[in-house]
Amino acid sequence: MCDYKEEQELEIEAIESIYTDSFDVVSKNPTVFNLKVFSEDDFEVETFGVNLQFTYAAKYPEDKLIYEISMIRDGDDEDDEEPDEDSPVDKELCEKLAQMIDEQIEENLGNVMVFDCVSVVQDYVNEEKDNIKQRREDEKDRIEREEKAAEAKKCHGTPVTVASFMEWRDKFMSDIRVLEEKNKITSMKNKKNVREGDIHRKGQSRGRQ
């Protein structure tokens, strides 16, 4: 007959020695404990992680491991056991982790499995951290490219094509013709005024004689 209690106690002892800083016993009957899994430290991405609460069924590991997942964000109160379900991103992450843990439970049924479950969670959390970092770098590069393109367009102006040059030339010639016509009219008026002034002065001169 399998001694489930002994297997559970041996696993608890091993898990506590491996995850000393993140292990926390909630209850001994039934056996319930928390394990906090955080992303690797990175000054470019805020730390985040999950709290995994495991519960041993009476016949674990023959029976499935019972678990709950909740998010932990940088700045959250680590003693707060209420799951953070406000963010769609957090909810999606928890659902993905739950799927991965379920797969580990199915694959390891009959054997102790907490370490395997925690390991896949740790790997995925670090991978997600790297993805967040990469997305931020891609967005930064995109913004820089757009700013450089806008600056280059500002410096070089609109590229000249045959069509745009012909349009500019026609408008330029039209403006020149209008200007020449105005100058011609002004010149004719000035000449007329000069002639009228000369006639007037001659008339005054004869009258004095």
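The preceding data block contains the structure.
Student: What exactly am I supposed to notice about the pattern of salt bridges here?
Tutor: Pairing is possible between side chains of opposite charge, provided their charged atoms come close. Under the defined criterion, the tally for this structure stands at nine salt bridges. Among the salt bridges present, the one from Glu-40 reaches Lys-129, with a minimum N-O distance of 3.9 Å. Note that Glu-40 is positioned in the loop between strand 2 (31-38) and strand 3 (48-55) and Lys-129 in helix 3 (residues 114-156), a separation of 89 residues in sequence. As a salt-bridge pair, Arg-135 and Glu-128 come within 3.4 Å of each other at their nearest N and O atoms. A residue is classified by how much of its surface remains accessible, and Glu-128, at 16% relative accessible area, is buried.

Student: Sorry, what's going on with the pairing of strand 3 here?
Tutor: Along a regular strand, successive side chains alternate from one face of the sheet to the other. With eight of its eight residues buried, strand 3 lies for the most part within the structure. Where burial is concerned, the two faces of strand 3 agree: the one with Phe-48, Val-50, Leu-52 and Phe-54 and the one with Gly-49, Asn-51, Gln-53 and Thr-55 are both buried. Where strand 3 lies against strand 4 (residues 66-73), eight bridges are found, and the strand directions are antiparallel. Along strand 4, the bridge assignment pairs Asn-51 with Ser-70.

Student: Honestly, the layout of surface pockets in this entry has me stumped. Any pointers?
Tutor: By rolling a water-sized probe across the atoms, one finds the places where empty space is left. Estimated volume of the largest pocket: approximately 180 Å³. Those elements that place two or more of their residues in the lining of the largest pocket are helix 1 (4-18), strand 1 (23-28) and strand 2. No other element matches the five residues that helix 1 contributes to the lining of the largest pocket. A breakdown of the residues in the lining of the largest pocket according to their chemical character gives six nonpolar, three polar and four charged.

Student: Got a minute to help me understand the packing of aromatic side chains in this structure?
Tutor: Think of a pair of aromatic rings as described by two things: how far the centres are apart, and how the planes are tilted against each other in angle. Enumeration over the complete set of coordinates arrives at seven aromatic pairs. Where Phe-23 meets Phe-33, the ring centres are 5.5 Å apart and the plane angle is 35 degrees; that geometry is what we call tilted. Taken together, the positions of Phe-23 in strand 1 and Phe-33 in strand 2 put the pair ten residues apart, joining distant regions of the chain. Just as Phe-23 is buried, Phe-33 falls in that class too. Ring centres of Trp-168 and Phe-172 lie 5.3 Å apart, and the angle between their planes is 15 degrees; this geometry places the pair in the stacked category. You can see Trp-168 and its partner Phe-172 sitting in helix 4 (residues 162-208), four residues apart, about one turn around the helix. Residue Phe-172 is classed as partly exposed on the basis of its relative accessible area of 39%.

Student: Would you take a moment to explain the side chain of Glu-128 for this structure?
Tutor: Note that Glu-128 resides in helix 3. Leave out the neighbours within four places in its chain, and Glu-128 touches Phe-48, Leu-93 and Arg-135.

Student: Would you explain the sheet that holds strand 1 in this entry?
Tutor: Whether parallel or antiparallel, the strands of a sheet pair through hydrogen bonds between backbone atoms. Strand order in the open sheet formed by four strands is 1-2-3-4, and the pairing between neighbours is antiparallel. Across the chains shown, the open sheet's two edge strands, defined by having one partner strand only, are strand 1 and strand 4. The sheet shows a mean angle of 20 degrees between the axes of neighbouring strands, taken without regard to direction. The sheet contact formed by strand 2 and strand 3 spans seven bridges and is antiparallel.

Student: Quick question: what am I supposed to make of the nonpolar core here?
Tutor: Judged by nonpolar contacts, the single largest core of 34 residues is most densely connected at Leu-35, Leu-52, Phe-54, Leu-65, Ile-69, Val-114 and Val-121. Of all the elements in the fold, those that place two or more residues in this core are helix 1, strand 2, strand 3, strand 4, helix 2 (88-108) and helix 3. At eight residues, helix 3 tops the list of elements feeding residues into this core. If we skip the residues at most four places from it in the chain, Leu-35 touches Ile-15, Tyr-19, Ser-22, Phe-23, Val-50, Asn-51, Leu-52, Phe-54, Val-114 and Val-118.

Student: Explain unusual backbone geometry to me, please; I cannot follow it from the model alone.
Tutor: Most peptide bonds take the trans form, and the phi angle of most residues other than glycine is negative. With an omega of 0 degrees, the peptide bond running from Asn-29 to Pro-30 counts as cis. For the bond from Tyr-60 to Pro-61, the omega torsion is 15 degrees, close enough to zero to count as cis. Checked against the element boundaries, Pro-61 lands in the loop between strand 3 and strand 4.

Analysis parameters
Residues numbered from 1 in each chain as written. Predicted model: local features only at pLDDT ≥ 70, side-chain atom pairs only at ≥ 80, totals over all residues. Heavy atoms only, no water. Salt bridge = Lys/Arg side-chain N within 4 Å of Asp/Glu carboxyl O. Helix = DSSP H or I, 4+ residues; strand = E, 2+ residues; numbered from the N terminus. Buried < 20%, exposed > 50% of the residue type's maximum accessible area, 1.4 Å probe, protein only. Pairing = 2+ DSSP bridges. 1 Å grid on protein atoms, 1.4 Å probe; cavity = no way out; pocket = protein on both sides within 12 Å on 5 of 7 lines; lining within 4 Å. Points joined across faces, edges and corners; volume = space filled by probe spheres on them. Nonpolar A, V, L, I, M, F, W, Y, C, P; charged D, E, K, R; others polar. Phe/Tyr/Trp six-rings, centres within 6.5 Å; stacked < 30°, edge-to-face > 60°. Contact = heavy atoms within 4.5 Å. Axes fitted to C-alpha atoms, helices over the stretch in contact; angles between N-to-C directions. Core = buried A, V, L, I, M, F, W, Y, C linked by side-chain atoms within 4.5 Å.

That is the geometry; function is a separate question.
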